[in-house]
Amino acid sequence: MVWGDNMGKDFKKGMMKRILILSLVIAFAFCSDGIRVLYLQTVRADELAGKAQSQQLYDTEVSAMRGTIYDSEGNVLAQSATVWNVFLDPANIKSEDKRTLVVDNLAAYLKFNEEEKQELLEKSKNDSRYVVIAKKIENDIKEEIAKFSSENKLGEIIGFEQTTRRYYPHNSLASSVIGFTGDDNQGLTGIESYYEDELKGTNGRIVTVKDANSNKLPTDYETSVEATDGNSLVLTINQTVQYYLEKGLRTTMEEYNAKGAYGIVMNCNTGAILAMSSMPDFDCNEPYKINYKKTDKELEKITDKDEKAKAQSLAIQNHWRNFTVSDTYVPGSVFKTFMASAALEENVVNLNTSYTCTGSIHVKNYTMHCHYHPGHGTQNLTQGLENSCNPFFITIGQKLGVHNYFKYFDAFGFTQKTGIDVPGEAMSQYYREEQYGIVELSSASFGQTNSLTPIQVVSGISAIANGGTLVQPYIVSEIKDANGNTIKKTQKTEVRRVISEETSQKVRNMMKAVVDEGTGKNGYVAGYRVGGKTGTSTKLGEFKEGERTKYIVSFAAIAPADKPEIAMLIIMDEPNEDLGGGALCAPIAAEVIEQAMPVLNVEPKYDEEEMKKLSINTPNVLSKSVDSAKKTLEAKGLKCKIVGSGKTVINQSPSSSSNIPSNGTVVLYTEKGEKKTVKVPDFTGLTISEANRAAAESSLNIEISGNNLSSSTVVAYRQSVEKGTEVGIGSVVTVSFKNTQSVLD
């Protein structure tokens, strides 16, 4: 019995031990699970919640519509439109037949090539529930795919996401100002970049619940947050003025195979930029495509693949660059207008101050030459500016002295950025006051030594033009919300007064004399009294031995000179001929002024000589007798040519109310039949008298545009109707003339 009792006690002890161990194991397990639950609920709570949401919710971002960019007249320059991304849910493709149906048809609608179609096939086999196969397709293509999907019950396989795409209706117009956006709809350059926060808006979201098979549940389970569209911008850019600026720059740049061409047109009274361009430019819709033939030819010469790729990338970035704001140049003789202003304001010279130019001047150990080596002889101040005489302005700078020179250099804004609202404004490179000696001052006095940005120069010219006040330039005049309400309007910002109204008036008159009598004759526009100044700077250190010297030539203009509305700067960079700003840049300025003044509601004021040369409306002589028609035309100072032997006029050329030059010839038809035609001759290179003779021989009328001085050096360089074109006899062809005798001043 004792043994039995001992056996019972041992058994009970063993059982208790096992129960204890089991309890400890169970307790440990519970503790471990509890600790893990605590860990998951605290440390990994956010992570796991996110995973759960991703499995239960379908979250789609709805792109906000980017704000529209308008010109000053309300014309659209940049606009966003709804487009679509197409995606697949490969997991719902249950058979190879359905896969083939989907791949073949989508490839056809999306115009995929064989390689792209093969990529689509591979994507259709993806394990993911969401694979994007095409981005930003137009609505018409989306509708075709949606119809195909509906007809074949493929809604669980093919899906669409709404997004936006940026469009630029005028392609390259003002491209260096506007810039462009990237694939993510973010502004990368220009106004698109600078005003990104205003334009981009706030994206919305659509959140949909999924079932256990990751299929979307009905819209009852859907939550959405609407997108907020971006604000719109109204620019100061005027589309018409911009068009003519770009037309002139591009034509001249290509004709003279220049490295670049740049221009700014500014409302000199407010600071509003009416036009701004840097050539070569780019198409905002295709920003990575090079459009300048000269650049393409240079790239073709590079044989090394890596070197060519690098050069191409640099060329593209250069085309995006807005030289007028982001680069500096040596202004050359345009700077003489600022020197004249400073010297007159400080009373160290007056309009009667004279200087005798012998062709050079000695400064310390240097001989500084005038561009006209024989010398201009004795001149007064106005004539010195007309002739762009370097020695004269060196003496003016020396009279002014370093301190006063730098005082006005600073006052005109050349030591600070202008603060214009475009990205990448460069800082000028200049000598500080303490760095000037007599040589540096002398060189700076005719526009060398210091490098300025074009926007600084045209802002300074505006100060001279508007009566003496420096104003801050700007591009955006208004910001509007998505409902069209103005939320911000740019106000004119006066920086400081630089010179007096009296000095401004004197310098404006001097600039007008430059166009009337001096180096800027090609800037003349009938009825608008243009003031201007030509300039040239040598690009030192940028050419190899044996190469021709490289120049930047320019022309600054104001109009009308008696009461200016605009200031302008035209620059041609490295033209292939040694012609100055008077020959290359002034004609561009003249054409822009001729087109811009009516847009700005500035009426022309013609003097007596200009009135004689004005075109008139062709009188209506239809149905009149030949004798009566002749008398009507003669009374208007017009001649006539009779075609046919009838007694009554049944047709005329030019037609009634069309413009015809004074002393022009009207062709009168007296019998039925086809109008007589003639091929337009090539007027290029002809003087005004030669062009008139060639027109008369072809029974055509020519209207003279540009420099209308009868001189052997004033020749035609452009015509409104291309040579060889068949036109009716009596038709009017506008021929532009310019003085080819140009100085590198």
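Shown above is the structure to which this text applies.
Each value, and the rule that gives it
Residues numbered from 1 in each chain as written. Predicted model: local features only at pLDDT ≥ 70, side-chain atom pairs only at ≥ 80, totals over all residues. Heavy atoms only, no water. Helix = DSSP H or I, 4+ residues; strand = E, 2+ residues; numbered from the N terminus. Buried < 20%, exposed > 50% of the residue type's maximum accessible area, 1.4 Å probe, protein only. Contact = heavy atoms within 4.5 Å. Pairing = 2+ DSSP bridges. Axes fitted to C-alpha atoms, helices over the stretch in contact; angles between N-to-C directions. Parallel < 35°, antiparallel > 145°, perpendicular 65-115°, else oblique. Left-handed = near helix turned anticlockwise from the far one by under 90°. Polar contact = N/O pair within 3.5 Å; in protein donor to acceptor, adjacent residues only side chain to side chain. Salt bridge = Lys/Arg side-chain N within 4 Å of Asp/Glu carboxyl O. Phe/Tyr/Trp six-rings, centres within 6.5 Å; stacked < 30°, edge-to-face > 60°. Core = buried A, V, L, I, M, F, W, Y, C linked by side-chain atoms within 4.5 Å.

Trainee: In this structure, what is going on with the overall build of the chain? I would like to understand it.
Mentor: Looking only at helices and strands, the chain has 23 helices and 31 strands in total. Burial analysis of the chain (745 residues in total) assigns 48% to the buried set. Excluding contacts between residues fewer than 6 apart, the proportion of contacts in the chain whose partners are at least 24 apart in sequence is 72%.

Trainee: I keep staring at the pairing of strand S20 (residues 551-559) and nothing clicks. Help me out?
Mentor: On any regular strand, side chains alternate: one points to one face of the sheet, the next to the other face. Most of S20 sits inside the fold, with 9 of its 9 residues counted as buried. A two-sided burial pattern is seen for S20, the buried positions comprising Tyr 551, Val 553, Phe 555, Ala 557 and Ala 559 on one face and Ile 552, Ser 554, Ala 556 and Ile 558 on the other. Relative to S20, strand S19 (residues 531-538) runs antiparallel, the two sharing 8 bridges. Looking at S20, one finds that Thr 538 is bridged to Tyr 551. Alignment of S20 against strand S21 (residues 566-573), held across 8 bridges, turns out to be antiparallel. Residue pairing across strands places Val 553 opposite Met 572, the latter belonging to S21. Hairpin geometry of S20 and S21 is characterised by an intervening segment of 6 residues between the two adjacent antiparallel strands.

Trainee: In this structure, what is going on with the sheet that holds strand S26 (residues 665-669)? I would like to understand it.
Mentor: Backbone-to-backbone hydrogen bonds pair the strands of a sheet. The strands run either parallel or antiparallel. Reading across from one edge, S23-S26-S24 is the order of the 3 strands in this open sheet, with mixed pairing throughout. Strand pairing shows two members of the sheet lacking a second neighbour, strand S23 (639-643) and strand S24 (651-653), which therefore form its edges. Mean inter-strand twist for the sheet, computed between neighbouring axes without regard to direction, equals 25°. As paired strands, S23 and S26 are joined by 5 bridges and run parallel to one another. Following the sheet pairing, Ile 642 is matched in S26 by Leu 668. In the packing of helix H22 (residues 626-635) onto the sheet, the strands contacted are S23 and S26, and the crossing angle to S23 comes to about 155°.

Trainee: I keep staring at the packing of helix H3 (residues 96-109) against helix H5 (residues 139-151) and nothing clicks. Help me out?
Mentor: The description of two packed helices rests on the angle between their axes and on the distance between the axes. Where H3 contacts H5, the two axes come as close as 10 Å, and the packing angle between them is 160°. When the axes of H3 and H5 are compared, the pair comes out roughly antiparallel. As H3 packs across H5, the resulting crossing turns out to be right-handed. Of the residues in H5, those touching H3 at Leu 101, Asn 105, Leu 106 and Tyr 109 are Ile 141, Glu 144, Ile 145 and Phe 148.

Trainee: Looking at this structure, I do not really get the sheet that holds strand S10 (residues 273-279). What am I missing?
Mentor: An order of S10-S9-S21-S20-S19 is seen for the 5 strands of this open sheet, with the pairing classed as antiparallel. Strands at the two margins of the open sheet, each flanked by one partner only, are S10 and S19. Across the sheet, the axes of successive neighbouring strands diverge by a mean angle of 10°, strand direction being ignored. Pairing analysis gives 8 bridges linking strand S9 (residues 260-267) to S21, with the strands arranged antiparallel. If you follow Gly 260 over to S21, its bridge partner there is Asp 573. Sheet strands in contact with helix H18 (residues 501-517) are S19 and S20, and its direction is about 75° off that of S19.

Trainee: In this structure, what is going on with the environment of Thr 164? I would like to understand it.
Mentor: Structurally, the position occupied by Thr 164 is in strand S5 (residues 158-167). On the basis of relative accessibility, which here comes to 2%, the residue Thr 164 falls in the buried class. When neighbours within four sequence positions are excluded, Thr 164 is seen to be in contact with Ser 63, Ala 64, Met 65, Ser 80, Ala 81, Val 83, Lys 136 and Asn 185. In this structure the side chain of Thr 164 is engaged in a polar contact, spanning 2.9 Å, whose partner is the side chain of Asn 185.

Trainee: Hey, could you run me through the pattern of salt bridges in this one?
Mentor: Should the charged atoms of two oppositely charged side chains come close, the side chains can pair. Under the defined criterion, the tally for this structure stands at 26 salt bridges. Of the charged contacts, one joins Glu 494 and Lys 492 as a salt bridge, the two residues approaching to 3.4 Å between their closest N and O atoms. Across the pair Glu 502 and Lys 506 runs a salt bridge, and its minimum N-O distance is 3.5 Å. With Glu 502 and Lys 506 both in helix H18 and 4 residues apart, the pair spans about one turn of that helix. Here Lys 506 falls in the partly exposed class, since its relative accessible area comes to 27%.

Trainee: Quick question: what am I supposed to make of the side chain of Glu 574 here?
Mentor: Mapped onto the elements of the fold, Glu 574 is located in the loop between S21 and helix H19 (581-584). Given the relative accessible area of 14%, Glu 574 is considered buried.

Trainee: Sorry, what's going on with the packing of aromatic side chains here?
Mentor: Remark: the centre distance and the inter-plane angle together describe each pair of aromatic rings, the angle taken between the planes. In total, this model carries 25 aromatic pairs according to the counting rule given. Note on Tyr 109 and Phe 148: the rings are 5.8 Å apart at their centroids and 55° apart in plane angle, and the pair reads as tilted. Here Tyr 109, found in helix H3, pairs with Phe 148, found in helix H5; they are 39 residues apart in sequence, far enough to count as distant. Look at Phe 148 and you get buried, because its relative accessible area is 5%. Judged by centre distance (6.1 Å) and plane angle (50°), the rings of Phe 392 and Phe 393 are tilted. Summarising the burial analysis for this pair, Phe 392 and Phe 393 share the class buried. Among the aromatic residues, those joined into a cluster by ring pairs are Phe 335, Phe 338, Tyr 405, Phe 406, Phe 409, Phe 412, Phe 414, Tyr 430, Tyr 431 and Tyr 436.

Trainee: Is there a simple way to explain the nonpolar core in this structure?
Mentor: Grouped burial of nonpolar side chains is what soluble globular proteins tend to show. Ile 191, Tyr 405 and Ile 475 are the most contacted members of the largest nonpolar core, which totals 94 residues. By residue number, the principal contributor to this core is helix H15 (residues 390-411), which donates 10 residues. Listed in part, the 38 residues of the second largest apolar core include Tyr 256, Val 265, Ala 275 and Tyr 528.

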